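Chains, contacts and geometry: an overview
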Amino acid sequence: MNTLAVLLLCMAGLIPLLLLLYPALAWLRQLPVSKKPAADEPFSAPVSIIISCYNEEAFILQKINSFLDADEWIPGSELLVVSGGSADGTNAILETFREHPQVRVFIFEARIGKINSVNLAVEASKNEILVFSDCRQHMKPGSVKRLVARFSDNRTGTVNSTLCDAPPGKKGSLLRRLLNQVAYHESVGGSSLNLYGALYAQRKSIYRPIPSDILFDDLFVIVSTIAQGSRLVQEKEAVIYDVRFGKYYSAERIERLTRGLLVFLFRHGTEIGRMPFVFRFRFLLYKYAKLLLPVLLLLTAVSALYLAAPFISWMHVAGFAAGLLVLLGIPKTRAAVFLVLRINFFMLRATLRFLFLNERSISWQKLQVKSEH
C-alpha cells in the first residue's frame, strides 16, 4: 500500500512541480542568448491596424485617437475598424471617421463576432505588418512603433505586448509581473507561448484565417506562428494597461478561459500537433496542465498525508494550524490564497461541465468596466 502511495505521490506531484519550476526553466533557457550583444537595427514600416468592436461607445473614440496621434502614427499606415451588430452609439462615432483618409470603417447590422471581423479586416488590409487591438485597454505611447521595430529580425512572425494590471506609473500585481517575465525570457530564448489579444502585431504573410468555432484567437495565433517556424516574441516597452488580476479573473471569466482552452483542444488539437515537439510539450504544460491542478494537488496531499500519518502527532497538527492562521492573518497573503483557491475551483467546475454536461458554448459576455475618460 505504501508503494502505491509513493507512486501516486510522484505521479501526481510531477506536473505541479514542473509548473512551479517553469519560470526558473524559462530564465535558464534564455541565459546563453541574453549574454550576446543585442542587435541595434532601427526598423519601421507602415502597418494595418485592426480593431474589432461591439458596443464600445465608451472606449472606441479614445482608442482610434490614440492610434492616430502624430507620435504614434507611422506614415503609410491605415486603421481598419469593424463593428458588427453594435446597438449603442459605437456606429455613430465611427461614421464621423468615414471621410478620414487613414481610417476605413466597416459596419454590419448583424453581430458577426470578433474572429470573423478580424478575418475580414485582414483580407481587406494593404500592409505586411498587422497590428491587432481591442478597444477597452489603454496603451503606453509609442507601443505601435516598439512592436513594429521587432520585425527587423526576419525570423519574427508575431510580437506580443506586455500587460500591466495597474494604471500607468504603478506596478502591476506580482503574479502578472511574473507571467510577463516568463514570456520575455521565453522569447529571448526562442519563442514565447503568451499572447495578449488586446495588442499584438503579426506579419500578414504568416497570418492564417482564425477558425470561427473557437473562443479565443490568441491560442490559434500562438500555435500557427510557431508551427510555421516563426518566432513569437515579447516587447517590454509595448504596454497595455488593464484591470487588476483579481478583478479580471471573475468566476465567469475563469470558466470561459477554461472552456476556451478545451474547445480549442477538442476542435483543433491537430493544429497543436503541427508544432515542433519541444514547443508542443511546453504549450500543453503551460496552457493545459493547470486544468489538472485541482485534482493533482488533492491527490498529492492525500498520498503525502497517508505516508506521513505514522509520524504526525497532534502537536504537529496544532503547529501547522497555528502557522496557517498566522499566514492567513496577513491581508495580502490571505487575498492571494483565496484567489488561487477561487481560480482552481472555477477551473475544475468548468472542466467538469465541459466533459460531462457538454457545456461548450463559444458565446460570452464582455467584462464590464467603466471608461476612466
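What comes next concerns the included structure.

Criteria and cut-off values
- Residues numbered from 1 in each chain as written.
- Predicted model: local features only at pLDDT ≥ 70, side-chain atom pairs only at ≥ 80, totals over all residues.
- Heavy atoms only, no water.
- Buried < 20%, exposed > 50% of the residue type's maximum accessible area, 1.4 Å probe, protein only.
- Helix = DSSP H or I, 4+ residues; strand = E, 2+ residues; numbered from the N terminus.
- Pairing = 2+ DSSP bridges.
- Patch = residues over 30% accessible without salt bridge, like charges linked within 9 Å, V, L, I, M, F, W, Y side chains within 5 Å.
- Areas by Shrake-Rupley, 256 points an atom, 1.4 Å probe, with all protein chains shown as cover.
- Salt bridge = Lys/Arg side-chain N within 4 Å of Asp/Glu carboxyl O.
- Core = buried A, V, L, I, M, F, W, Y, C linked by side-chain atoms within 4.5 Å.
- Expected span 1.5 Å × (residues − 1).

**Topic: the pairing of strand β1 (residues 47–53)**
With seven of seven residues buried, β1 lies mostly within the body of the structure. On β1, burial covers both faces: Val47, Ile49, Ile51 and Cys53 on one face and Ser48, Ile50 and Ser52 on the other are all buried. Bridging between β1 and strand β4 (residues 129–133) involves five bridges; their strand directions are parallel. Each bridged residue has a counterpart across the sheet, and for Ser48 the counterpart in β4 is Leu130.

**Focus: a nonpolar patch on the surface**
Residues Leu265, Phe266, Leu284, Leu352, Leu355, Phe356 and Leu357 make up a contiguous nonpolar surface patch of roughly 680 Å² in combined accessible area. Secondary-structure elements contributing two or more residues to the nonpolar patch are α9 (251–272) and α13 (331–356). Considering every element that reaches the nonpolar patch, the biggest residue donor is α13, with three residues.

**Description of the nonpolar core**
Core analysis: the largest hydrophobic core is formed by 49 residues, its most contacted members being Phe132, Leu193, Ile210, Phe264, Met275, Phe283 and Tyr288. Counting residues in each nonpolar core, the second largest holds 36 residues, with Val47, Cys53, Leu79 and Val148 among its members.

**Structural notes on the environment of Leu4**
Along the chain, Leu4 falls in helix α1 (residues 2–34). When the C-alpha positions of Leu4 and Ser303 are compared, they lie 8.9 Å apart, and in sequence the two are 299 residues distant.

**Topic: helix α10 (residues 277–288)**
Between its first and last C-alpha, α10 extends 16 Å over 12 residues, near the 16 Å set by a 1.5 Å rise per residue. The set of residues buried in α10 consists of Phe279, Arg282, Phe283, Leu285, Tyr286, Lys287 and Tyr288.

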